[in-house]
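For reference, the chains in residue letters:
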Amino acid sequence: MQNFRSYFRTVSRSTVQFIKIGLTLSLIYFITASSHCHAQSLMHPTSQISFVKSQISKKSEPVYTAYKQLITLADSLLLTDHHAVEDFSVPGFYSDKEGQRAMAKKLHADAFAAYCTALAYTLNGEKKYVQKALYFMNAWATINKKYSQFDGPVVLSYAGAGLMIAAELLKNDPFWAENDLNQFKNWTINVYQKATHFLRERPNNIADWARFANLLSANFLDDQKELSFTIALIKNDLFEKIAADGHLIEEVKREEKGLWYTYFSLAPLTASMWCIYNATGENLFTVSKAGKSVRKAIEYLYYYNQHPTEWPWFYNPDVDTLNLAAGVWPSNLLEAMKDIYKTHQFDSYLLMYRPIVYRKNHFAWTFPTLMPVHLNQTNNME
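Chemist: Can you help me understand the overall build of the protein in this one?
Modeler: The helix and strand tally for the protein stands at 14 helices and four strands. In the protein, 78% of the contacts between residues at least 6 apart in sequence involve partners at least 24 apart. For the protein, the exposed area adds up to about 17000 Å²; of that, 54% sits on carbon and sulfur atoms.

Chemist: Help me out: how do you make sense of the nonpolar core in this one?
Modeler: For soluble globular proteins, nonpolar side chains are generally found buried alongside one another. The biggest cluster of nonpolar side chains holds 129 residues, and the ones touching the most others in it are M137 and L370. Considering each element in turn, this core owes the most residues, 15 residues, to helix 10 (residues 258–280). Among residues more than four places away in sequence, those in contact with L370 are V52, V63, A66, Y67, L70, L119 and L123.

Chemist: Looking at this structure, how should I read the packing of helix 10 against helix 12 (residues 331–340)?
Modeler: When two helices pack together, their arrangement is given by the angle between the helix axes and by the axis-to-axis distance. Where helix 10 contacts helix 12, the axes come no closer than 10 Å and their chain directions differ by 40°. When the axes of helix 10 and helix 12 are compared, the pair comes out oblique. Between helix 10 and helix 12 the crossing geometry is left-handed. For the pair helix 10 and helix 12, contact is made by Y263, L266, A267, T270 and W274 and by N332, L333, M337 and I340, respectively. Taken together, the residues that form the contact of helix 10 with helix 12 break down as seven nonpolar, two polar and no charged.

Chemist: Whenever I open this one, the environment of L266 confuses me. Can you help?
Modeler: By the secondary structure assignment, L266 is in helix 10. L266 sits in the buried class, given a relative accessible area of 0%. Taking the C-alpha atoms as reference, L266 lies 7.4 Å from I298; in sequence the two are 32 residues apart. Dropping the residues within four chain positions of it, L266 is found in contact with L248, A297, I298, L301 and L333.

Chemist: How should I be thinking about the pattern of salt bridges in this particular structure?
Modeler: For side chains bearing opposite charge, pairing can occur when the charged atoms are close. One pass over the structure, following the stated rule, counts 15 salt bridges. E98 is paired through a salt bridge with R101; the nearest N and O atoms lie 3.2 Å apart. Taken together, the residues E98 and R101, both in helix 4 (residues 97–124) and three residues apart, mark about one turn of the helix. On the accessibility criterion, E98 (56% relative accessible area) is exposed. Judged by relative accessible area, R101 falls into the partly exposed class, the value being 43%. Taking the shortest distance from any N to any O, the salt bridge between R354 and E335 comes out at 3.0 Å. Of this pair, R354 sits in the loop between helix 13 (347–350) and helix 14 (377–380) while E335 sits in helix 12, and the two are 19 residues apart along the sequence. Using a relative accessible area of 2% as the deciding quantity, one classes E335 as buried.

Chemist: Would you mind showing me how to read the environment of Q100 here?
Modeler: Mapping Q100 onto the fold places it in helix 4. Of the residues examined, Q100 reaches a relative accessible area of 6% and is grouped as buried. C-alpha separation for the pair Q100 and G152, spaced 52 residues apart in sequence, amounts to 9.0 Å. Once residues lying within four places of it in the same chain are set aside, the contact partners of Q100 are V90, P91, G92, F93, D151, V155 and Y158.

Chemist: Explain unusual backbone geometry to me, please; I cannot follow it from the model alone.
Modeler: Negative phi characterises most residues that are not glycine, and trans characterises most peptide bonds. In this structure, the amide linkage connecting E61 to the following residue, P62, adopts the cis form with an omega of 5°. Note that the residue after R354, namely P355, is joined by a cis bond; omega there is -5°. Positive phi values are uncommon outside glycine, yet K59 reaches one of about 55°. By secondary structure assignment, the location of K59 is in the loop between helix 2 (46–57) and helix 3 (63–76). A positive phi is found at E255, a non-glycine position, where the angle reads about 55°.

About the criteria used
Residue positions are given per chain, counting from 1 as you read along its sequence in written order. Local features are withheld for residues below a pLDDT of 70 in this predicted model, meaning they are given only at 70 or higher, and side-chain atom pairs are given and counted only at 80 or more; totals for whole chains, interfaces and linings count all residues. Only hydrogens and water are set aside; all other atoms, that is, all heavy atoms of the structure, feed into the side-chain values. Segments assigned H or I by DSSP are reported as helices when at least four residues long, segments assigned E as strands when at least two residues long, and all are numbered from the N terminus. Residue contacts are defined here by distance: any two heavy atoms, one from each residue, within 4.5 Å place the two residues in contact. Accessible areas in this description were obtained via Shrake-Rupley with a 1.4 Å probe; residue shielding takes into account the shown protein chains only. Nonpolar cores were defined as sets of buried Ala, Val, Leu, Ile, Met, Phe, Trp, Tyr and Cys residues, with membership established by side-chain atoms within 4.5 Å. When a residue's accessible area, from a 1.4 Å probe over protein chains only, is under 20% of the maximum for its type it is buried; when over 50% it is exposed; and in between it is partly exposed. Fitted lines through C-alpha atoms give the axes, limited to the stretch in contact for helices. The angle between two N-to-C directions lies from 0 to 180 degrees. Roughly parallel means an angle under 35 degrees; roughly antiparallel, over 145; roughly perpendicular, 65 to 115; everything else is oblique. Should the near helix be turned anticlockwise from the far one by less than a right angle, the crossing is left-handed, and should it be turned clockwise, the crossing is right-handed. Residues are grouped as follows: nonpolar covers Ala, Val, Leu, Ile, Met, Phe, Trp, Tyr, Cys and Pro; charged covers Asp, Glu, Lys and Arg; every other residue, Gly included, is treated as polar. Throughout this description, the term salt bridge denotes a Lys or Arg side-chain nitrogen within 4 Å of a carboxyl oxygen of Asp or Glu.

Structure (structure tokens):
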């Protein structure tokens, strides 16, 4: 009888959870399907692009200097070749660090190049940039047929996001030939989404990256059902990963890498929240539950990044080294969040890093100084 009661309680909890997700999914689907402000790009909506263009035309800082930085980077990529492979075979990091890094770099380098040149074209309309962006995207769409080994799907999720943001920016552009566009859509479904679906219900940062990638790909494919399902996943366990004091429950377990993984979870999570806001108008940045909030988690990361010797989870945790060319975490995340929360809390820390570009191995907040993020953009971006 005791075993039966235990079983019944487990089934009941599962049923309640299933009903909760179902109701959330139904509501989100209604909102997204009926929205008249669906953005062309979830990461860089039209209102943001218009604002940035206006800042560039007026040579307003810090956007103007960040724009010149983008163009310098884009120009440096015009003569580079792609690294697409048929099998994106990535060994586990802890079993083969050098092998993992070498293969991951192939996708990361090409994704950054595609994103960088696609964004340059979006802002100034120069044909040479869109041609180069499409060169990298078409290479992966035609050559890459699968992924394999332990880190194949996770690296595809977080490094491939750069390709997907570029695809979002260019999906309605006449320079993208219909056959090439359809080929990229096929790659998105058969390779990219296959990886994200495999990972998106994990409990830690792996799921955060998979869900962010899934939002981008669903929007690119105009798949409202997929978009709504992913939003429901994010909302359903948002407060299960954050403790009342702001630490991320799964990420602080990573010993000396606890600070890094806290950042590595918050970057895609907040980027996903930004995408959700642009897709539905729903603001998850200010939502709290039982004292838990994403803002508290960001402030927790910021404090201990500034005071790593006080980190309660491991003695002397890793922090990033100063490398302005590649970027320094979590400066990119905090640069984005300062405008979301309209705070000057991070200003003294961020000043030395601007204009910020983060180009190391993943794509959430890659160009935060150039592409500032504001809620209620019509009011805030004038």
